[in-house]
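# Structure at a glance
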Amino acid sequence: MVDGSSYLYRAFHAMPPLKNSRGEPTGALYGVANMLRRLPKEYGTDNIVVVFDAKGPTFRDDLFKEYKAHRPPMPDDLRSQVEPLCQLVEALGFPILRVSGVEADDVIGTLAMQALEDSREVVISTGDKDMAQLVRPGITLVNTMTNRTMDREGVKEKFDVWPEQVIDYLALVGDTSDNIPGVPKVGAKTAAKWLNEYGTLEEIVTHAGDIKGKVGESLRDNLEQLALSKELATIRCSVEIGKKPGDLVMTAPATETLREMFTRFEFQTWLRQLDGPADEAVTTVEATASAVVTPSGAAAAVSVERHTYEILFTQAAFDAWLDKLKAAELIAFDTETTSLNYMDAEIVGVSFAVKSGEAAYVPLAHAYLDAPEQLDREKTLAALKPLLEDPRKQKLGQHLKYDMHVLLNHGIALRGFAHDTMLESYVLNSTANRHDMDTLALAHLGVRTIAFEEIAGKGKKQLTFDEIRIEDAGPYAAEDADITLRLHETLYPRLENIPSLRELYENVEIPLAPVLMRMEHDGVLIDRQLLAEQSHELSEKLKDIEQQAFAEAGREFNLGSPKQLQQILFEEQNIPVIRKTPKGQPSTAEDVLVELANDYRLPALIMQHRAMSKLKSTYTDKLPEMINAKTGRVHTSYHQAVAATGRLSSADPNLQNIPIRTAEGRRIRQAFIAPEGCLLLAADYSQIELRIMAHLSGDASLLKAFKEDMDIHRATAAEIRGLKPADVTDEERRAAKAVNFGLIYGMSAFGLAKQLGIGRNEAQQYVDLYFERYPGVKAYMENTRRLAKEQGFVETVFGRRLYLPDINARNAQMRQYAERTAINAPMQGTAADIIKRAMLSVAGWLPESGLKARMIMQVHDELVFEVVEKDVERLRAGVIEHMCEAASLAVPLKVETGTGRNWDEAH
C-alpha cells in the first residue's frame, strides 16, 4: 500500500527542480513513478495500490476548523504535477484510490485491517510517522526513499513507545504541520516518558495531578483539548471504500498512454525501454482478453442517431422548446446533477424529449475552465416550474423519484408523475434483468447508449457532471430523455396487454414513488451521542469476547481469518468437520459455525464476535457519519425495483437488516428518536404471511383460527397433537411455530429436525401430521407447484408475477429451489403489495386528517410515524383503520402498534 500523498511531497522536495523543454516541472512526477516501477519486482507481487488524498475537506476539518490551517498552500510547481502523476500511475497499471471526506491515511488504515483479516501480509510504503500506529504482526512500514523498514520493535526504537501507544503519543506531542494542538511544552521525550510510566493517555489524565513542574501545569491546562487531539491523530480504519484488498491488483500497462506521457515529459530512458525489449518493471502484468456478452438479439447493438439532439444556449432556443413541452401530451424529463446523493445534489442541466429521436439538453451550471455562457439556472427553472408542477401535464422518467428529490432541492414539487421506465420493466418481469436505462436500452431497443464513463472517466479521476464539457454532456443527457421515451413506447404496450400488471403499475408502483420520495426527504432523527456510547460498549465487548476466545483456543489468533480458524477448530480443537470448501478445506462459513455453536463454545464466541463487529461497523460507527449536515437527519433510499417479490429494500443506510433479536441490535433502534414534543408510532402487521396462506389455501382450520383471533401457533400445536389450546406447552408452541413459518419458506423435514434439535423421522412425522390436520395447505402447495410448471410463473393476490425460469430445470437442486420459491413468492409478494397499498392509503389520509404527523420509515411489514404527542391516539386509530382496509382477505388483517421516544420503545 503506497502512501502516494506522502511520497508526492517527499519526491518534490528530494528531487532537483527538473523541467522539460516546455518548462513543465517533472521532478515529483519522475521521483514517485521511479519508486513505483521498482515495487512489483522488489516485492514479487502485483497486489499493490497507490492511495492519494482526495480534493476537498475531510471529517477532521469538521472536527477542528483550524486543522492544517497553518499549512502553506501546495506550491504551483507541485500542484501542476498531481493530475499527470495520477494518469501516469494508472497507465503503469497500478490501482489508484482517492476517497472524498477522508485522508489517504484512513484509506490505507482501512485496507490494512481488511487485509489482515484475510491473513495477508501488509507493507505500507510511507514517510508519514502517523502510520506507525498501524504497525502490528503482519503490518510493517517501509520508507522506500531511505529503504528503512519499521516493524513493532522498529516503532519502539524510533519513538520509544509501542505502536498501540502512538496515537496517545501524537495527541500529547501534537503536530505543527497538521495544526493538531497537543500539549504545549510536551515534546517527544516527555510524551514517551509518560506513556512508558502510565501506559495510556487515559491513565496520564487520571494522574495529571501527580505530574510536577511547568509541564504538569501545561498538561492540566490543556486536558480539555486532548480528546480532540487524539481524535485528529487517530487513523480511521472503517472507511467505506467499495473495494477489498484482494480487488486491488495491477493491470496491463497502457503502453500508448505511457508513450505519450514519456514523450511529453521527456523521460527518454523509459521511452527507449518501451520501444525496445519489454521492460520487466513496466510490463509486470499480462493483458487479459474479455468478451462482452449481450442479451439475445442485441449482439448487433447500434448507437442511436444523435444529430437531431439540440443543446440550448439561448433564450430563444429555450423558449421554442418550452412551447413544444407545453403542447406535448407526455414529456420525457431528466436532470443532470452534481451528486448521486439526492439530498446534496444540485442541477447542472435538464433534458427533454417529446417524440422519438428529438431531444434537447439545457446546460445550466457547467463550471469548468472556459465553459461557455449558459442560461441562468434560477430563471430557467422558474420558467419550467409551472409546467413541472402542473398535475395535468404528464411526465415520464427513468427512476424519476431521484429527479423529484433534486427538483425539490430547487423549490420545485414535481407533479404529473405518470410513467417510469424502470418501474415498467420491473412490473413486467422483476427477475429478467437489471432495470437501469443502459441495460434496458440494449435488451429492448438493441441500442448501446453512451456510458457515463465515456464522458466522465473512471475511478477517482471521474469528473462530476458540472466538470464535463458541454459538447460531451449534451448528447449524453439528451440521449437519456430520448431513450427513456423510446423505452416507454416499447414497454408500456406490453403492460397494457396484461391488465393485472397494468393495474399494479398504475395504481400501486407509480403513485408510491412520490410517497417514498417524501419519506426519504423527511428522513429520521438519530441520536449521535447514544451511538457513540454503543460503539464504545461494543468495542469493550469485542475485546472481552476476543479474550474469551483466546482462552478457549489456548492462544491468540485472528478471529476473522478462515485459515487460522480452520487450524484451531479442526486441527487443534479436534472439532468435527461438517462441510468442506470446493478446494477441500474445512468450511468456516456462517451456517457451519452456527451448527457447531450448539455443541462447542469457541464457534459460539466467533459467531458473537462476527455479529457484534458487523453491528459496530455497519451501524454504530457508520450511522453518525450519514447524518445530513443540512437537516441533521439520516436519509435512506427506498428501492422499488430490486427485490423480485415486490418488497421494498432500503440502502444508505439499510434499515431492513438491523437485527432485533439481540439486545445490541435493539439498542441501535433506540438511537432512532423522535424530536422534542413528538413520539414515534410503529404499526406492524401481525403474522401477515400466515394470514395470506390461510386466504390462498382456504384451509378450514387456519381460517377458523384467524377469524377467532386465536394464537395461531398454539392453535396449530393443539390441532397436531389433539389437545386443547390451553394444554399446549411453550415447547410445543415453539415447534408449531417452526412448522408454520418453515413450511412457508419450503423447509424440509431435515431442516425442521435441525431447527428443533430432533430426529429426522420425528420431524417427518410432525410434517405429515401437520398436512393431515391442514389438508388445504397441502393442496395449495401441490397446485402451486403444478401451475408454476405449466405457466412458468406464480402470482400474488393482486396479480404481481414472479417468473421462475428454473421451475422445469433438469438440475434437481435448481428445480427444487424454484419450487420452494413458487410456494413462498405469492405470500411474500402479496404481503409486499398490501404494505404498499397501506402506505398509499395512509399517505392520502394524513394531509386531510389535520394531524401533525408524518410517515418516516417502512421496514418489512411495519410503518413508523413521527407525531406530536397530543395527536398520538388519533393517529393510531387512523393508521390501524387504513392498514386493515388495505386488502380484503378471507381472514381479517391485524395491526399491532406501539409508541415511544425511540423506535425500540415504539416497536
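Residues numbered from 1 in each chain as written. Predicted model: local features only at pLDDT ≥ 70, side-chain atom pairs only at ≥ 80, totals over all residues. Heavy atoms only, no water.

### Observations regarding unusual backbone geometry
The omega torsion of the bond from D652 to P653 falls at 0°, within 30 degrees of zero and hence cis. Residue position: P653 is located in the loop between β16 (649-651) and α26 (663-670). Phi angles above zero are rare outside glycine, and N574 is one such case at about 55°. (Helix = DSSP H or I, 4+ residues; strand = E, 2+ residues; numbered from the N terminus.)

### So, the packing of helix α16 (residues 400-409) against helix α21 (residues 499-522)
Relative orientation of the contacting elements α16 and α21 amounts to 50°, with a least axis distance of 9 Å. As the angle between them shows, α16 and α21 are arranged oblique. The two elements α16 and α21 cross, and the hand of that crossing is right-handed. Taken together, the residues of α21 that come into contact with α16 (itself represented by K401, M404, H405, L408 and N409) are A513, P514, L516, M517, R518, E520 and H521. Taken together, the residues that form the contact of α16 with α21 break down as six nonpolar, three polar and three charged. (Axes fitted to C-alpha atoms, helices over the stretch in contact; angles between N-to-C directions. Parallel < 35°, antiparallel > 145°, perpendicular 65-115°, else oblique. Left-handed = near helix turned anticlockwise from the far one by under 90°. Contact = heavy atoms within 4.5 Å. Nonpolar A, V, L, I, M, F, W, Y, C, P; charged D, E, K, R; others polar.)

### Quick notes on the side chain of E358
Within the element layout of this structure, E358 appears in strand β10 (residues 358-363). Each residue touching E358, except ones within four places of it in the same chain, is listed here: T308, W321, K324, F352, A353 and D482.

### A short note on empty space enclosed by the protein
All chains considered together, the criterion is met by four cavities of 30 Å³ or more. Within this model, the largest cavity holds a volume of roughly 50 Å³. Lining the largest cavity are M519, E520, G523, V524, V634, H635, T636, P653, L655, I856 and M857. For the lining of the largest cavity, the secondary-structure elements that each account for two or more residues are α21 and β21 (853-859). (1 Å grid on protein atoms, 1.4 Å probe; cavity = no way out; pocket = protein on both sides within 12 Å on 5 of 7 lines; lining within 4 Å. Points joined across faces, edges and corners; volume = space filled by probe spheres on them.)

### Re the pattern of salt bridges
Scanning all chains against the criterion turns up 52 salt bridges. Between E625 and R236 there is a salt bridge; the shortest N-O distance is 3.1 Å. Within this pair, whereas E625 is found in the loop between α25 (601-620) and β14 (633-634), its partner R236 is found in the loop between α11 (223-233) and α12 (255-265), the two being separated by 389 residues in sequence. Residue E625 is classed as partly exposed on the basis of its relative accessible area, which comes to 44%. For R236, a relative accessible area of 23% gives the class partly exposed. (Salt bridge = Lys/Arg side-chain N within 4 Å of Asp/Glu carboxyl O. Buried < 20%, exposed > 50% of the residue type's maximum accessible area, 1.4 Å probe, protein only.)

### What about α25?
In an α-helix there are 3.6 residues to a turn, and that puts residues three or four apart on one side. Here α25 is 20 residues long and its end C-alpha atoms lie 27 Å apart, about the 28 Å a rise of 1.5 Å per residue gives. Looking at α25, one finds that the buried residues are L602, P603, L605, I606, M607, H609, M612, L615, K616, Y619 and T620. Contact partners of the buried residues in α25: α22 (528-553), α23 (562-572), α24 (590-597) and α26. (Expected span 1.5 Å × (residues − 1).)

### With respect to the nonpolar core
Among the nonpolar cores identified, the biggest contains 117 residues, and F672, Y685 and L875 are the most heavily contacted of them. Top contributing element to this core by residue count: helix α34 (residues 812-849), with 11 residues. Sequence-distant contacts of F672, defined by excluding residues within four places in its chain, comprise V524, L525, I526, L623, L655, I658, L680, M857, R901, N902 and W903. Counting 54 residues, the second-largest nonpolar core is a separate cluster that includes V99, A112, V122 and I204. (Core = buried A, V, L, I, M, F, W, Y, C linked by side-chain atoms within 4.5 Å.)

### So, the packing of aromatic side chains
The final tally for this structure, using the stated rule, is 18 aromatic pairs. An angle of 10° between the planes, with centres 4.8 Å apart, marks the rings of Y30 and W270 as stacked. Here Y30, found in helix α2 (residues 27-43), pairs with W270, found in helix α13 (residues 268-275); they are 240 residues apart in sequence, far enough to count as distant. What makes Y30 partly exposed here is its relative accessible area of 27%. Classification of W270 as buried rests on a relative accessible area of 4%. Measuring from centroid to centroid gives 6.4 Å for F262 and F267, while their planes differ by 55°, and the two rings are tilted. Each of the two residues, F262 as well as F267, counts as buried. (Phe/Tyr/Trp six-rings, centres within 6.5 Å; stacked < 30°, edge-to-face > 60°.)

### Section: the sheet that holds strand β9 (residues 347-355)
A sheet is described by the order of its strands in space; here six strands give the open sequence β7-β10-β9-β8-β11-β12, paired in mixed fashion. Looking at the sheet topology across the chains shown, the edges are occupied by β7 (310-311) and β12 (417-420). Contacting β7, β8 (330-337), β9, β10, β11 (394-397) and β12, helix α20 (residues 470-496) runs over the sheet at an angle of about 40° to β9. (Pairing = 2+ DSSP bridges.)

### Things to note about the pairing of β11
For a regular strand, side chains alternate in direction, first toward one face of the sheet and then toward the other. Where β8 lies against β11, three bridges are found, and the strand directions are parallel. Looking at the pairing, L330 lines up with Q394 of β11. In this sheet, β12 lies alongside β11 in parallel orientation, the contact comprising three bridges. Each bridged residue has a counterpart across the sheet, and for G397 the counterpart in β12 is D420.

### A word on the pairing of β8
For β8, a buried count of eight out of eight residues is recorded, marking the element as mostly surrounded by other parts of the structure. The alternating pattern of β8 places L330, A332, D334 and E336 and I331, F333, T335 and T337 on opposite faces, both of which are buried.

### Some remarks on the environment of E329
Inspection of the secondary structure assignment puts E329 in the loop between α14 (315-327) and β8. Among the residues examined, E329 registers a relative accessible area of 73% and is labelled exposed. Sequence spacing of E329 and K395 is 66 residues, and the spatial spacing of their C-alpha atoms is 8.8 Å.

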